[in-house]
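Topology and contacts: notes
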Amino acid sequence: MISSLLALSIAGSSLAYPVARRLGRWAGWGMALLPAALFVAFLGYAPASSAGIVATDSLAWVPSIGIDFSFRLDGFSFLFCLLITGIGTLVVIYSGAYFSDATDRERARFITLILLFMTAMLGAVLADNLIVLYLFWEATSILSFLLIGFDAASAHARRSALMSLRVTVGGGLALLAAIILTGATLGTFSLTEVSARAPELAASAWAPAIAGGLMIGAFAKSAQFPLHFWLPNAMQAPTPASAYLHSATMVKLGIYLLARFEPFFGYLPRGREVLLAVALVTMLVGAFQALRAENFKSVLAYSTVASLGILVMLVALDGPMATVAMMGFIVAHALYKATLFFVAGSVQHATGLSKLRLMGGLGRYLPVTAVAAALASLSMAGLPPFLGFISKEFLFEAQIQSTTDAIPMAVAVLVNAVIVGVAGVVTLRPFFLGRDREIEVRHGERLGLIVGPIILATLGLVISLDPGWMNASVFGPAVAAVYGTTVDVTAAMPHGLSPVLLLSGVVLGIGALIFVFWRPIHRRLRVQLWLDSYDAESAYEALLRRIDDLSLKVARTVQHGDLRGYLWTVMAAAVALAGWGMIASGVLPRIPTAEEMGVVRLGPALMALVGLAGGLAAARARGLIGAMLAVGLAGLITALMFMVNGAPDLALTQFSVESLTVVLLTVALLTLPLAGHITRSAGERKRDMALAAAMSAVLFVALMDMGSSTPVTEVSAFYGERSYIEAFGRNVVNVILVDFRGLDTLGEITVIAASSVLVWSLLGPQSRAEGQTPIASGRSAFIFRFTSPLFFWPLLVLSVITLFRGHNAIGGGFVGGLTAALAFAVVSLSHGIEQTRRRLRIHPALLVGGGLTLSIASGLPGMLVHGTYLTHVWFETSVLGFTIKQGTATLFDMGVYLVVLGAVLSYLFGFQREAAR
Amino acid sequence: MTVVYALLGAGLFGCGVFMLLSRNMVRMLLGLSLLTTSVNVMIFQTGRFRSQLPPIIPEGSEQLVNSADPVPQALILTAIVIGFALTVILMALALRVHGSHESVVTSEVRSAESLGDPILPEKTT
């Protein structure tokens with residue numbers, strides 16, 4: 001049932017925007033139906049609440065780690081739900097009127113945010129699972145951010161919004177850490193169970209960390225010193241949001257959390273003392289700054305900080321009276337402070353004024369607002385018979401009954417006196433004094449603007465005059481839920497002449513003096529500007545600047561601009577990770593047995609050593625030509641290695657590629673400085689050598705380990721069995737390339753095609769004119785010119801044969817294309833580009849494009865016949881009595897041939913063109 | 001032979017890394033070329049050296065018996081060609097850089113730095 005109410009709230013607030021826009025000026029009254037309905041629904045729980053029944057509800061979410069949407073409605077949650085939905089209703093009504101001059105969009109956006117916030121708030125106070133509570137908690141922070149920054153065009157609003165987000169969400173992270181630690185310690189995220197097992201939690205090793213996280217989260221949310229500074233800045237929010245979030249509900253969420261964990265803090269050594277110390281400092285800072293503040297809303301904000309301090313103090317105090325006083329004060333404060341915010345909003349709406357000292361005599365123009373302000377202020381000042389009076393009586397009673405010494409009492413008297421002064425200043429001054437002031441009033445009172453304040457202000461009187469229902473259904477159960485046992489609230493009320501009444505009298509006396517001397521006090525304190533440089537806000541600003549500086553330094557260190565440094569870091573990290581993995585696994589690398597090693601054949605072994613020597617020579621070579629030739633040597637040896645180990649296809653491909661690489665790079669090096677002077681210091685070379693050696697060592701160990709593992713042969717066996725039967729090819733490597741994994745090969749020749757386009761765009765003709773002028777060819781040796789046809793034709797014929805026999809014997813499109821490219825390279829080097837192009841007749845790019853098209857198209861017949869792309873179709877023809885079996889696979893391989901040939905030729909022409917420039 | 005070829009693969013890799021860490025772009029691309037070769041040698045070893053016969057189904061037979069592993073070969077065959085294309089592209093880039101900067105040393109090519117501080121760009125007001 002609870003979850004369906006919450007679901008209603010989620011659905012309603014999510015759909016609110018379009019509805020509120022349609023409603024236009026009536027959005028306030030219309031949208032208030034949602035919170036009003038929820039309020040009535042929650043009221044239905046009153047009988048259960050007074051009977052002490054706790055309603056629970058649960059939906060599974062991630063049961064495996066103990067996270068569920070579990071909710072519970074006990075007295076304390078009930079109190080909050082009534083405040084949230086009740087004040088929510090009035091806030092929505094008020095917003096509709098407050099935004100009377102705004103566009104429909106703006107009004108709808110504001111009301112939607114308010115309703116979403118209400119939902120998040122309900123979720124937070126109903127959640128029994130701490131993770132769920134955290135989610136709703138952070139949702140309220142984010143909505144608070146959006147509401148403070150509602151006027152996004154204002155830099156002030158944006159700054160304040162970001163500040164509140166950083167502080168409250170940052171605190172939220174601390175809370176999350178505490179929640180996770182709690183879950184890890186107790187094995188549950190259930191708030192009920194955690195409260196029940198508070199002694200166990202307090203005795204655990206993690207207790208100080210958990211307490212710290214909870215406190216930081218709660219202090220950030222409830223604006224406790226030194227995290228209080230975001231709250232006065234949050235007054236940038238439109239006033240209805242300030243009334244709702246920043247006085248009545250959201251800022252009390254921290255109190256809610258602390259109260260829920262009160263037993264835990266009680267069992268923790270010094271837990272109560274820390275809470276009390278923070279609370280007292282917060283009270284003093286709030287009261288002091290309230291005396292200095294100029295704006296109506298700022299004065300209210302600082303007095304809210306002081307009030308929140310009082311609430312934390314009540315959490316810290318032991319004894320049942322403290323809990324009773326806390327419940328009374330939460331309700332009393334919500335009622336009178338929300339009213340006063342409404343009043344401040346109405347005054348600003350009507351006059352456009354925000355500074356208190358400019359206001360006066362407004363009672364003539366805003367009579368109902370003035371009455372509401374007066375009622376709320378009387379409650380705030382704690383005069384009988386208002387609710388504020390009763391809650392203050394409880395407060396002092398709690399202090400007398402608790403075991404703490406006299407300091408909290410003295411602070412409480414002082415701070416309460418300031419609150420009395422504030423109550424007088426914010427009501428008497430703007431409304432009833434200074435009647436001689438001329439003030440332009442642009443808007444009169446409208447029903448929407450007065451419903452909220454007058455109802456809340458009246459409630460502050462009604463509840464105290466007839467407390468029966470509240471005591472039985474709200475205060476009593478709430479106290480029972482937090483304190484653990486039932487306390488007779490009605491009987492606990494202080495009567496007659498008592499020390500408590502005396503304290504109230506003292507508070508009123510000092511408060512009256514503060515009110516009378518408000519102006520000189522305010523001026524004296526106001527001019528002490530040096531105070532501003534010592535407050536928490538400037539520490540916050542300094543911290544942000546430090547973070548900026550630090551990230552700048554980090555960015556400059558990491559982004560140093562030396563490519564070699566980046567590469568070194570990446571490779572060193574790779575070696576370190578791989579090496580660490582090997583060592584940390586604790587498993588020694590295996591060494592192949594003699595059988596797995598295989599017989600060492602002398603010839604191949606010597607060849608391998610020569611290849612290694614080639615690599616080392618390349619690394620040591622001073623000149624670039626030498627390095628290139630040494631790399632080529634290593635490549636050729638690799639080709640031989642393929643040759644003697646049953647991979648003739650690879651050997652042929654590698655041979656052709658090495659030849660072409662040498663040809664192309666030689667052409668390119670014609671234009672480059674060959675000296676290749678030393679670019680690394682001796683120290684850098686040493687470090688690089690060490691890194692390279694470490695990489696080699698790690699890889700060597702890995703390769704040895706791999707050599708002693710059982711090879712996986714299933715895939716190879718599959719291809720070996722099916723190659724001829726299904727794809728009619730005897731060369732299994734070629735069949736894999738053109739048929740089984742044809743799509744992969746298609747991807748690879750696409751890459752090669754793209755590379756040819758890239759090289760052509762880098763090195764091709766840079767202008768139309770350049771494209772039309774022939775390229776001068778350098779002189780080449782006569783003997784080379786004379787003998788080149790002897791190479792060209794045999795190579796070309798060989799390439800075509802290689803291509804067509806590739807499906808059944810050694811060869812294929814890749815090798816064929818490379819061989820053909822070699823044939824043209826010979827001509828191009830001996831006779832120049834122009835003659836080669838004449839012989840080729842078409843542009844190399846056309847070869848690439850045509851080849852790619854052919855390969856792509858070769859898969860289409862298979863799609864028509866077999867329904868799968870690139871499954872090749874075969875047909876037999878009889879020519880002169882010979883049966884020739886042909887298939888689309890041959891077309892595919894021809895495409896590969898053309899792409900490779902065209903790509904290599906565009907490289908070659910590009911490099912030769914560059915050399916001739 | 002496992003030891004010998006492991007030595008070849010790992011050794012060539014180290015040489016490639018050493019060259020790649022140079023500041024001369026041509027040396028870097030030669031190093032990268034060496035690196036591709038060494039990786040191919042390593043992939044080849046995943047098929048072991050169980051036979052020296054090529055993976056070609058003999059006439060009269062329908063299935064492959066007792067030959068070298070065809071799968072690594074298919075992988076390497078395309079890798080060789082792609083590695084070649086990569087080397088060529090890098091060479092083309094080096095040629096372009098030389099054409100515009102008269103240098104192929106990375107620390108001397110500073111046209112990006114001359115655009116200004118990448119971290120704190122000048123405010124355009």
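Residues numbered from 1 in each chain as written. Chains lettered and ligands numbered in written order. Predicted model: local features only at pLDDT ≥ 70, side-chain atom pairs only at ≥ 80, totals over all residues.

Scanning chain B from terminus to terminus reveals 3 helices and 0 strands. Split into buried and exposed, the 125 residues of chain B put 54% on the buried side. Taking all contacts inside chain B whose residues are at least 6 apart in sequence as the whole, residues at least 24 apart take part in 50%. (Helix = DSSP H or I, 4+ residues; strand = E, 2+ residues; numbered from the N terminus. Buried ≥ 20, exposed ≤ 12 C-beta atoms within 10 Å, placed from the backbone. Contact = placed C-beta atoms within 7 Å.)

Let us look at the overall build of chain A. Within chain A one finds 44 helices and 4 strands. Expressed as a percentage of its 917 residues, the buried residues of chain A come to 50%. Counting only contacts in chain A whose residues sit at least 6 apart along the sequence, the fraction spanning at least 24 positions is 78%.

Turning our eyes to something else, we now look at helix α4 (residues 33–43) of chain A. All names here are of chain A. Buried within α4 are the following residues: Leu34, Pro35, Leu38, Phe39 and Phe42. Taken end-on, α4 shows its buried residues confined to a sector of 135°, consistent with a single buried face. Along α4, the residues that are exposed and aim more than 90 degrees away from the buried face are Leu33 and Val40. Turning to α4, the residues buried within the fold contact α1 (2–14), α3 (27–31), α6 (75–98) and α7 (104–126). (Arc of directions from axis to C-beta.)

Right, let's get into the interface of chain B and chain A. Contacts between the two partners involve 78 residues from chain B and, on the opposite side, 101 residues from chain A. Contributions of two or more residues to the side of chain B that touches chain A are made by α1 (2–20), α2 (25–46) and α3 (70–101) of chain B. With 21 residues, α3 of chain B is the largest single contributor of residues to the side of chain B that touches chain A. Tallied by class, residues from the side of chain B that touches chain A come to 50 nonpolar, 21 polar and 7 charged. (Nonpolar A, V, L, I, M, F, W, Y, C, P; charged D, E, K, R; others polar.)

All names here are of chain A. With omega at 0°, the peptide bond leading from Phe225 into Pro226 counts as cis. With respect to the secondary-structure elements, Pro226 resides in the loop between α12 (207–221) and α13 (230–233). Between Pro384 and the following residue, Pro385, the backbone shows a cis peptide bond with an omega angle of 5°. Looking at the element boundaries, Pro385 is found in the loop between α20 (367–381) and α21 (387–401). Here Phe728, not a glycine, exhibits a phi torsion of approximately 55°, which is positive. Assignment of secondary structure puts Phe728 in the loop between α35 (714–727) and α36 (732–740). The exposure class assigned to Phe728 is partly exposed, which follows from the 17 C-beta atoms found within 10 Å.

Residue and element names in this part refer to chain A. Put simply, helix α40 (residues 813–831) and helix α41 (residues 833–840) touch, their axes get as near as 7 Å, and they point 140° apart. It follows from the interaxial angle that α40 and α41 lie oblique. The segment α40 lies against α41, with Phe824, Val827, Ser828 and His831 engaging Ile833, Gln835, Thr836, Arg839 and Leu840. Here the contact of α40 with α41 is built from residues that sort into 4 nonpolar, 4 polar and 1 charged. (Axes fitted to C-alpha atoms, helices over the stretch in contact; angles between N-to-C directions. Parallel < 35°, antiparallel > 145°, perpendicular 65-115°, else oblique.)

This part covers the confidence of the model for chain B. On average, residues of chain B score 87 in pLDDT, and 94% of them reach the 70 mark or higher. Complex prediction metrics read pTM 0.69 and ipTM 0.93. (pLDDT = per-residue confidence, 0-100.)

Ranked by internal contacts, the top residues of the largest apolar core, which has 208 residues, are Ile114, Val312 and Leu314 of chain A. The leading source of residues in this core is helix α19 (residues 320–351) of chain A, at 21 residues. Contact partners of Ile114 of chain A, with chain neighbours within four places excluded, come to Val91, Val92, Ser95, Ala241 and Tyr244 of chain A. Within the second largest apolar cluster, 129 residues are counted, among which are Ala727 and Tyr907 of chain A together with Phe18 and Val104 of chain B. (Core = buried A, V, L, I, M, F, W, Y, C linked by C-beta atoms within 7 Å.)

We now examine the pairing of strand β2 (residues 67–73) of chain A. Residues and elements named next belong to chain A. Pairing between strand β1 (residues 55–62) and β2: 7 bridges, direction antiparallel. Following the sheet pairing, Ser58 is matched in β2 by Ser70. Linking β1 back to β2 in an antiparallel pair, the connection comprises 4 residues, with Gly66 at a positive phi of about 75°. (Pairing = 2+ DSSP bridges.)

Another point: the environment of Arg620 of chain A. Mapped onto the fold, Arg620 of chain A is located in helix α31 (residues 602–620). Judged by the 13 C-beta atoms lying within 10 Å of it, Arg620 of chain A is partly exposed.

Note that Ala68 of chain B resides in the loop between α2 and α3. Excluding its chain neighbours within four sequence positions, the residues that come into contact with Ala68 of chain B are Asn645, Gly646 and Ala647 of chain A together with Gly47, Ser51, Gln52, Leu53, Pro54 and Pro55 of chain B.

Residues and elements named next belong to chain A. Running from amino to carboxyl end, α20 crosses helix α23 (residues 447–465) at an angle of 35°, the nearest separation of the two axes being 9 Å. Of the two possible hands of crossing, α20 and α23 adopt the one that is left-handed. Taken together, the residues of α23 that come into contact with α20 (itself represented by Val368, Thr369, Ala372, Leu375, Ala376 and Ser379) are Ile450, Pro453, Ile454, Ala457, Thr458, Gly460 and Leu461. Here the contact of α20 with α23 is built from residues that sort into 9 nonpolar, 4 polar and no charged. (Left-handed = near helix turned anticlockwise from the far one by under 90°.)

So, about the environment of Pro35 of chain A. Checked against the element boundaries, Pro35 of chain A lands in helix α4. The residues contacting Pro35 of chain A, other than those within four sequence positions of it, are Thr85, Gly88, Thr89, Val92 and Met118 of chain A.

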